[in-house]
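Below, each chain spelled out in residue letters.
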Amino acid sequence: MKTMKAMLAVLALMLASVATAQTEGVKFVEGKSLAQVMAQAKKEGKLTFVDCYTTWCGPCKMMANREFPKKEAGDYFNAKFVCAKYDIEAGEGIELAKKYDVRSIPTFLIFNTEGELIHRMVGANEIGEFIKSVEDGLKQAQSND
């Protein structure tokens, strides 16, 4: 009986840590059009970050399952961006891929509060390097204004 209680306690702790890990990472808006996401970002005074992916893409899965769930990713992206993801082979994602010339995946698009594309990144990376690339792109976009 004692062993069963101990096992249940360990299981409960494991489930709690998984739930915590899931809430620490990047929060992606779901079920909204890009226009709705951009409107939300403008209202919140944030930029819009869009992950263009496909269901079969290995690097896309790596970002979604390993890098974006990290606390470091959530701390950075959730503070600065309203984030969304679109499968470029389904629904609105098909039109987004055409409109923004998405030819490689994953492609990440960053829009300013006016809905203008200000930075594009292609490919996956460890989250520290990925954030550095985002920051470099944002600095470059500011210097072009």
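As a starting point, this report considers the structure included with it. (Residues numbered from 1 in each chain as written. Predicted model: local features only at pLDDT ≥ 70, side-chain atom pairs only at ≥ 80, totals over all residues. Heavy atoms only, no water.)

1. Here's the deal with the pattern of salt bridges
As enumerated under the stated definition, the model contains eight salt bridges in all. One salt bridge in this structure joins glutamate 44 and lysine 46, with 3.5 Å as the shortest N-O distance. Residue class for lysine 46 comes out buried when judged on its relative accessible area of 18%. Here lysine 71 and aspartate 75 are joined by a salt bridge, their closest N and O atoms 2.9 Å apart. Here lysine 71 and its partner aspartate 75 are both found in helix 4 (residues 71-80), four residues apart, which amounts to about one turn of the helix. The exposure class assigned to aspartate 75 is partly exposed, which follows from its relative accessible area of 45%. Counted as one network, the salt bridges with shared partners bring together Arg66, Glu67 and Lys70. (Salt bridge = Lys/Arg side-chain N within 4 Å of Asp/Glu carboxyl O. Buried < 20%, exposed > 50% of the residue type's maximum accessible area, 1.4 Å probe, protein only. Helix = DSSP H or I, 4+ residues; strand = E, 2+ residues; numbered from the N terminus.)

2. A closer look at the environment of tyrosine 100
Along the chain, the position of tyrosine 100 falls in the loop between helix 5 (92-99) and strand 4 (107-111). Here the alpha-carbon distance between tyrosine 100 and leucine 117, two residues 17 residues apart in the chain, equals 8.5 Å. For tyrosine 100, the contacting residues outside a window of four places in its chain are Leu34, Met38, Leu109, Phe111, Leu117 and Arg120. (Contact = heavy atoms within 4.5 Å.)

3. Topic: the state of the cysteines
On inspection of all chains with the given rule, the structure shows one disulfide. Free cysteine: cysteine 52, not disulfide-bonded; nearest cysteine sulfur from cysteine 60 at 9.3 Å. On the accessibility criterion, cysteine 52 (1% relative accessible area) is buried. (Disulfide = S-S within 2.5 Å.)

4. Some thoughts on the packing of aromatic side chains
With the rule as written, the count across this model stands at 15 aromatic pairs. Taking 6.0 Å as the distance between ring centres and 85° as the angle between the ring planes, the aromatic pair formed by phenylalanine 68 and phenylalanine 108 counts as edge-to-face. Taken together, the positions of phenylalanine 68 in the loop between helix 3 (58-67) and helix 4 and phenylalanine 108 in strand 4 put the pair 40 residues apart, joining distant regions of the chain. Judged on exposure class, the residue phenylalanine 68 and its partner phenylalanine 108 are both buried. Judged by centre distance (6.1 Å) and plane angle (50°), the rings of tyrosine 76 and phenylalanine 81 are tilted. In terms of burial, tyrosine 76 and phenylalanine 81 fall into one category: buried. Each residue in the set Phe28, Phe49, Phe68, Tyr76, Phe77, Phe81, Phe108 and Phe130 is aromatic and connected to the rest through ring pairs, giving one cluster. Between lysine 85 and the ring centre of phenylalanine 28, over which it is positioned, the NZ or CZ distance is 4.7 Å. (Phe/Tyr/Trp six-rings, centres within 6.5 Å; stacked < 30°, edge-to-face > 60°. Lys NZ or Arg CZ within 6 Å of the ring centre and 35° of its normal.)

5. A closer look at the side chain of threonine 54
Structurally, threonine 54 is set in the loop between strand 2 (47-53) and helix 3. A polar side-chain atom of threonine 54 sits 3.4 Å from the main-chain amide nitrogen of cysteine 57. Apart from residues lying up to four places away in sequence, threonine 54 is in contact with Cys60, Asp87, Ile88, Glu89 and Ile105. (Polar contact = N/O pair within 3.5 Å; in protein donor to acceptor, adjacent residues only side chain to side chain.)

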